[in-house]
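Listed below are the residues making up each chain.
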Amino acid sequence: MEIKFDEKGLVPAIIQDAETKNVLMLGYMNQEAFDTTLTTNKVTFYSRSKNRLWTKGEESGNFLELVSIKNDCDKDTLLIQTKPAGPTCHKGTGTCWAEGNDENFGFLSTLENVIADRVKNKDVQKSYVASLFAKGINKVAQKVGEEAVETVIEAMDNNDELFLYEAGDLLFHYLMLLQAKGFTLKDITAELKKRQK
């Protein structure tokens, strides 16, 4: 791999969790740190403050197991995917931006949070979600069944707009049912990962 080190012999290394895709930290490597990382499969940096090599986790035990290394288009920045053995930040958080390293599903995670908030606030007059939850899990499950049937019916037709509309309704109500049962998309992905061969 061709790497363009800067005038100090360093290259920035962006550290990303291979599974959650969250950016965990930024460090710097020289050639020796890069070679050590490849040899040990533990991400090793060049510490500019300590003026020496350091392997992430050498004191805490929270090592970063190497999964892959990619170079950017200019060959002057590395993207290193890892499996972290614990919190990445020395302050105990999952990332060095004071955030957890939780799996995130983009807009679907936002939608899960909105559903949870509506359920918590229980404003049945203003919230469809709250009013459906107030009727109990049987009604939530029934609604998922209805939306599933409507999605299947639209799948057999040629109106893509109606199919997407019903598919959106199905997914929305499915997220509600998951929460009614005390689960989230993270639980579903964990279940699917167990089946992966």
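Structure: above.
Residues numbered from 1 in each chain as written. Predicted model: local features only at pLDDT ≥ 70, side-chain atom pairs only at ≥ 80, totals over all residues. Heavy atoms only, no water.

Looking at the overall build of the protein
Inference 1: Scanning the protein from terminus to terminus reveals six helices and six strands.
Inference 2: Along the protein, helices (α) and strands (β) appear in the sequence β-β-α-β-β-β-β-α-α-α-α-α when read from the amino end.
Inference 3: Scaling as 2.2 N^0.38, a compact globule of 197 residues should have a C-alpha radius of gyration of about 16 Å, whereas the protein reaches 23 Å, well beyond that.
Inference 4: For the protein, the spread of C-alpha atoms along the three principal axes comes to 65 × 40 × 30 Å.
Inference 5: Every one of the 197 residues in the protein was classed for burial, and the buried ones make up 32%.
Inference 6: Within the protein, contacts between residues at least 6 apart in sequence are counted, and of these 48% link residues at least 24 apart.
Inference 7: Total accessible area on the protein is roughly 12500 Å²; 52% of this is exposed by carbon and sulfur atoms.
Inference 8: Taking the average place of the 25 positive charges on the side chains of the protein and the average place of its 30 negative ones, the gap between the two points comes to 7 Å. (Helix = DSSP H or I, 4+ residues; strand = E, 2+ residues; numbered from the N terminus. Rg over C-alpha atoms; globule rule 2.2 N^0.38 Å. Buried < 20%, exposed > 50% of the residue type's maximum accessible area, 1.4 Å probe, protein only. Contact = heavy atoms within 4.5 Å. Areas by Shrake-Rupley, 256 points an atom, 1.4 Å probe, with all protein chains shown as cover. Lys, Arg positive; Asp, Glu negative; His and termini not counted. Charge placed at Lys NZ, Arg CZ, Asp CG, Glu CD.)

What to know about the environment of Lys75
Inference 1: Relative to the assigned elements, Lys75 resides in the loop between β5 (64–71) and β6 (78–84).
Inference 2: Other than its neighbours up to four places away in sequence, Lys75 contacts Glu2, Ile3 and Lys4.

Quick word on the packing of aromatic side chains
Inference 1: Considering all chains together, one arrives at one aromatic pair under this definition.
Inference 2: For the pair Phe45 and Trp54, a centre-to-centre distance of 5.2 Å together with 35 degrees between the ring planes defines the contact as tilted.
Inference 3: Over the ring of Phe63 we find Lys42, and its NZ or CZ is 4.9 Å from the ring centre. (Phe/Tyr/Trp six-rings, centres within 6.5 Å; stacked < 30°, edge-to-face > 60°. Lys NZ or Arg CZ within 6 Å of the ring centre and 35° of its normal.)

Quick look at the side chain of Thr55
Inference 1: Along the chain, Thr55 turns up in strand β4 (residues 52–55).
Inference 2: Of note is the side chain of Thr55, whose polar atom sits 3.0 Å from the side chain of Thr44.
Inference 3: The contacts of Thr55, once residues within four sequence positions are left out, are Lys42, Val43, Thr44 and Phe63. (Polar contact = N/O pair within 3.5 Å; in protein donor to acceptor, adjacent residues only side chain to side chain.)

Remarks on the pattern of salt bridges
Inference 1: For the coordinates displayed, the defined rule picks out seven salt bridges.
Inference 2: With a closest N to O distance of 2.5 Å, Lys193 and Glu19 form a salt bridge. Note that Lys193 is positioned in helix α6 (residues 185–195) and Glu19 in the loop between β1 (11–17) and β2 (23–29), a separation of 174 residues in sequence.
Inference 3: Judged by relative accessible area, Lys193 falls into the partly exposed class, the value being 34%.
Inference 4: Close ionic contact of Glu146 with Lys143 constitutes a salt bridge, the shortest N to O distance being 3.7 Å. Remark: Lys143 and Glu146 occur in helix α4 (residues 137–155); sequence separation between them is three residues, near one turn of the helix.
Inference 5: Bridged by salt links that share partners, the residues Glu19, Glu103 and Lys193 form one connected network. (Salt bridge = Lys/Arg side-chain N within 4 Å of Asp/Glu carboxyl O.)

A look at the sheet that holds β6
Inference 1: Pairing is mixed across the open sheet formed by four strands, whose spatial order is β2-β1-β6-β5. Of all the strands in the sheet, the pair left with one neighbour each is β2 and β5. Within the sheet, the average angular offset between the axes of one strand and its neighbour, ignoring direction, is 30 degrees.
Inference 2: Against the sheet, helix α1 (residues 31–40) makes contact with β2, β5 and β6, and its axis sits at roughly 120 degrees relative to β5, the strand it touches most. (Pairing = 2+ DSSP bridges. Axes fitted to C-alpha atoms, helices over the stretch in contact; angles between N-to-C directions.)

Points about the packing of α4 against helix α5 (residues 160–180)
How two helices pack is summed up by the angle between their axes together with the distance between the axes.
Inference 1: Two numbers describe how α4 lies on α5: the axes approach to 8 Å, and their chain directions differ by 155 degrees. Taken together, the axes of α4 and α5 lie roughly antiparallel to each other. The interaxial crossing formed by α4 with α5 has left-handed handedness. Only Leu162, Phe163, Glu166, Ala167, Asp169, Leu170, His173, Tyr174, Met176, Leu177 and Ala180 of α5 make contact with α4, whose side of the interface consists of Ile137, Val140, Ala141, Lys143, Val144, Glu147, Ala148, Glu150, Thr151, Glu154 and Ala155.
Inference 2: Residue composition of the contact of α4 with α5, by class: 14 nonpolar, two polar and six charged. (Parallel < 35°, antiparallel > 145°, perpendicular 65-115°, else oblique. Left-handed = near helix turned anticlockwise from the far one by under 90°. Nonpolar A, V, L, I, M, F, W, Y, C, P; charged D, E, K, R; others polar.)

Considerations on the layout of surface pockets
Inference 1: Taken as a whole, the largest pocket encloses approximately 540 Å³ of empty space.
Inference 2: Around the largest pocket, the lining comprises 24 residues; the ones closest to its centre are Met25, Lys50, Trp54, Lys56 and His90.
Inference 3: When residues of the lining of the largest pocket are traced back to their parent elements, those giving at least two are β2, β3 (44–47) and β4.
Inference 4: For the lining of the largest pocket, the leading source of residues is β2, giving four residues.
Inference 5: In terms of residue class, the lining of the largest pocket is made up of ten nonpolar, nine polar and five charged. (1 Å grid on protein atoms, 1.4 Å probe; cavity = no way out; pocket = protein on both sides within 12 Å on 5 of 7 lines; lining within 4 Å. Points joined across faces, edges and corners; volume = space filled by probe spheres on them.)

Shape is all these values report; function is a separate question.
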